[in-house]
Amino acid sequence: AEAAAAGVRLQPPTLMRAVYGSSYEPRLIVLLRKPWTRMHAAFHNYVHYRNKYGDNAAGELAWVRESVGAFRRCEAAHSTDDCALRFESLDRLNEETFYHCDQLIKGMYHVFMPKWAHEFRDLLPLRAEQDWAQPKRVLGAALAFIGVAEPDADGWRRMLEVKRQLHGPRPPAGLPPIPQAVASELAAFYREGLRQLVEQPPIR
């Protein structure tokens, strides 16, 4: 009630700052993935999407178009930030949208990153694609950021041999290629937000 009276919207970064207090500055690392590929992975990692829309490219495209359409409808009645931060609580149509556009919203980094950067100065963004391609380089950057010395050769070997755990029932043959229509639809949706993130980065 006090936060609402002061005009403060309680979101995870605000709550974390309240927990840490003003005298302690943690160092946070965030790993960002291309938003259309992370949404594509979510379609295959969470079976409820495939059960509802169909376990094929047409089903994935239907899910994407319904999510994008529901979010655009929300934006027409509310602000982008409100729709990203409080989607299902804004109106009944949003509440009834399948899983409340959660996977689409998770890729809207331009909404969330400035709020984290406002509360925490020491924030290191890293790209997931670079982590997969050059894990040693990315791990080295993370270690330097948190002030930990790089390990010796044996330490590096053990770190790089750790098997990565995937969440959800990924297809046995691995993640299939993203359908072109899905990639195009999502790239168009995220384009303006990514432009804002690149041209006006929240982290200096």
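Residues numbered from 1 in each chain as written. Predicted model: local features only at pLDDT ≥ 70, side-chain atom pairs only at ≥ 80, totals over all residues. Heavy atoms only, no water.

A. Highlighting the overall build of the protein. A count of helical and extended segments in the protein gives 13 helices and 2 strands. Per-residue burial for the protein yields a buried fraction of 35% across its 204 residues. Sequence-distant contacts in the protein: of pairs separated by 6 or more residues, those separated by 24 or more amount to 68%. Taken as a whole, the protein presents about 12,300 Å² of accessible surface, with 55% of it coming from carbon and sulfur. Measuring between centres, the 27 positive side-chain charges of the protein sit 4 Å from its 24 negative side-chain charges. (Helix = DSSP H or I, 4+ residues; strand = E, 2+ residues; numbered from the N terminus. Buried < 20%, exposed > 50% of the residue type's maximum accessible area, 1.4 Å probe, protein only. Contact = heavy atoms within 4.5 Å. Areas by Shrake-Rupley, 256 points an atom, 1.4 Å probe, with all protein chains shown as cover. Lys, Arg positive; Asp, Glu negative; His and termini not counted. Charge placed at Lys NZ, Arg CZ, Asp CG, Glu CD.)

B. Geometry of a nonpolar patch on the surface. Together, Ile29, Ile146 and Val148 make up a nonpolar patch on the protein surface, roughly 230 Å² of accessible area in all. Locating Ile146 in the fold gives a position in helix 11 (residues 135-146). A relative accessible area of 40% means that Ile146 is categorised as partly exposed. (Patch = residues over 30% accessible without salt bridge, like charges linked within 9 Å, V, L, I, M, F, W, Y side chains within 5 Å. Salt bridge = Lys/Arg side-chain N within 4 Å of Asp/Glu carboxyl O.)

C. Representation of the layout of surface pockets within the structure. Counted as a void, the largest pocket has a volume near 780 Å³. Along its surface, the largest pocket is lined by 29 residues, and Leu31, Arg33, Arg38, Lys106 and Tyr109 are the ones closest to its centre. Sorting the residues of the lining of the largest pocket by element identifies helix 2 (12-20), strand 1 (28-32), helix 3 (35-45), helix 6 (80-90), helix 8 (102-106), helix 9 (109-119) and helix 10 (128-133) as the ones contributing at least two each. Its residues assigned to classes, the lining of the largest pocket comprises 16 nonpolar, 5 polar and 8 charged. (1 Å grid on protein atoms, 1.4 Å probe; cavity = no way out; pocket = protein on both sides within 12 Å on 5 of 7 lines; lining within 4 Å. Points joined across faces, edges and corners; volume = space filled by probe spheres on them. Nonpolar A, V, L, I, M, F, W, Y, C, P; charged D, E, K, R; others polar.)

D. Just the pattern of salt bridges, in detail. Enumeration over the complete set of coordinates arrives at 14 salt bridges. In this structure, Glu96 engages Arg92 in a salt bridge whose closest nitrogen and oxygen atoms are separated by 2.8 Å. Remark: Arg92 and Glu96 occur in helix 7 (residues 92-96); sequence separation between them is 4 residues, near one turn of the helix. On the basis of relative accessible area, Arg92 is assigned to the exposed category, the value being 66%. Here the salt bridges share partners, and the residues they tie into one network are Asp154, Arg157, Arg158 and Glu161.

E. Structural context of the packing of helix 5 (residues 57-77) against helix 13 (residues 180-199). One can describe the packing of helix 5 onto helix 13 by two numbers: an axis separation of 9 Å at closest approach and a directional angle of 15 degrees. With respect to helix 13, the axis of helix 5 lies roughly parallel. You can see that helix 5 and helix 13 cross each other, and the crossing is left-handed. Between helix 5 and helix 13, the residues in contact are Glu60, Leu61, Val64, Arg65, Val68, Phe71 and Arg72 and Ala181, Val182, Glu185, Leu186 and Phe189, respectively. Taken together, the residues of the contact of helix 5 with helix 13 sort by class into 8 nonpolar, no polar and 4 charged. (Axes fitted to C-alpha atoms, helices over the stretch in contact; angles between N-to-C directions. Parallel < 35°, antiparallel > 145°, perpendicular 65-115°, else oblique. Left-handed = near helix turned anticlockwise from the far one by under 90°.)

F. A look at the packing of aromatic side chains. Scanning the model with the defined rule gives 13 aromatic pairs in all. Here Phe189 and Tyr190 contribute two aromatic rings whose centre-to-centre distance is 5.0 Å and whose plane-to-plane angle is 80 degrees, an arrangement assigned as edge-to-face. Tyr190 matches Phe189 in its accessibility class, with the two residues each being buried. Cluster of aromatic residues (ring-pair linked, three or more members): Phe43, Tyr46, Tyr49, Tyr53, Trp63, Phe98 and Tyr99. The positively charged end of Lys52 is found above the aromatic ring belonging to Tyr53, 5.5 Å away from the centroid. We note Lys52 situated over the ring of Phe98; from NZ or CZ to the ring centre the distance is 5.2 Å. (Phe/Tyr/Trp six-rings, centres within 6.5 Å; stacked < 30°, edge-to-face > 60°. Lys NZ or Arg CZ within 6 Å of the ring centre and 35° of its normal.)

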